[in-house]
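Secondary and tertiary structure notes
If you want the building blocks of each chain, they are given just below.
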Amino acid sequence: MDKAKACLTPMSTSQSLTKFDGIPFHNPHLYRSIVGGLQYISFTRSDVAFVVHKVSKYMHHPLEPHWAVVKRILRYLKTQSLMPC
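Keep in mind the model is a prediction, meaning the values are calculated, not measured.

1. Some words on the overall build of the protein
A tally of regular secondary structure across the protein gives three helices and zero strands. Relative to its length of 85 residues, the protein is compact, with a C-alpha radius of gyration of 13 Å against a globular reference of 12 Å. The principal-axis extent of the C-alpha atoms belonging to the protein is close to 40 × 25 × 25 Å. The proportion of buried residues among the 85 residues of the protein is 31%. As displayed, the protein offers around 5700 Å² of accessible surface, 60% of which is attributable to carbon and sulfur atoms. For the protein, the centre of its 11 positive side-chain charges and the centre of its 4 negative side-chain charges are spaced 2 Å apart.

2. Description of the side chain of Thr79
For Thr79, the position within the fold is in helix α3 (residues 64-82). Of the residues examined, Thr79 reaches a relative accessible area of 10% and is grouped as buried. A polar side-chain atom of Thr79 sits 3.0 Å from the main-chain amide nitrogen of Cys7. Among the polar contacts made by the side chain of Thr79, one reaches the main-chain carbonyl oxygen of Arg75 at a distance of 2.8 Å. In this structure, Thr79 is in contact with Ala6, Cys7 and Leu8, ignoring residues within four places of it in sequence.

3. Some thoughts on the packing of helix α1 (residues 28-41) against helix α2 (residues 46-56)
Any two packed helices are characterised by how steeply their axes cross, that is the angle between the axes, and by the distance between the axes. Close contact between α1 and α2 brings their axes to 10 Å; oriented N to C, the two are set at 150°. The angle between α1 and α2 places the two elements in the roughly antiparallel class. In this structure, α1 crosses over α2, and the sense of that crossing is left-handed. Side by side, α1 and α2 meet where Tyr31, Val35, Leu38 and Gln39 of the first sit next to Val52, Val55 and Ser56 of the second.

4. Comments concerning the environment of Pro65
Relative to the assigned elements, Pro65 resides in helix α3. For Pro65, a relative accessible area of 27% corresponds to the partly exposed category. As for Pro65 and Leu17, which are separated by 48 residues in sequence, their C-alpha atoms are 7.3 Å apart. Every residue in contact with Pro65, bar those within four places of it in the chain, is listed here: Gln15, Leu17, Asp21 and Gly22.

Each value, and the rule that gives it
Residues numbered from 1 in each chain as written. Predicted model: local features only at pLDDT ≥ 70, side-chain atom pairs only at ≥ 80, totals over all residues. Heavy atoms only, no water. Helix = DSSP H or I, 4+ residues; strand = E, 2+ residues; numbered from the N terminus. Rg over C-alpha atoms; globule rule 2.2 N^0.38 Å. Buried < 20%, exposed > 50% of the residue type's maximum accessible area, 1.4 Å probe, protein only. Areas by Shrake-Rupley, 256 points an atom, 1.4 Å probe, with all protein chains shown as cover. Lys, Arg positive; Asp, Glu negative; His and termini not counted. Charge placed at Lys NZ, Arg CZ, Asp CG, Glu CD. Polar contact = N/O pair within 3.5 Å; in protein donor to acceptor, adjacent residues only side chain to side chain. Contact = heavy atoms within 4.5 Å. Axes fitted to C-alpha atoms, helices over the stretch in contact; angles between N-to-C directions. Parallel < 35°, antiparallel > 145°, perpendicular 65-115°, else oblique. Left-handed = near helix turned anticlockwise from the far one by under 90°.

Keep in mind that these numbers describe shape and distance, not what the molecule does.
Here it is, written out as structure tokens:
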């Protein structure tokens, strides 16, 4: 994700997540590990708390669209860390 495109919002407002739409994510352990780290970050970063809560609801059975949102959150956090205060 070093060369990932910048992202100004942690989640698209037009995107909805459901437990039925999409194919199963190929590595649920990776999904759970990253979302667990994001849950820890959300204690201090209230700008991502809502969207982290949304993706954490699907930790038992992650799908590809859920993984896409997790990657978008990571791109958002990377973009925010590069911006000057």
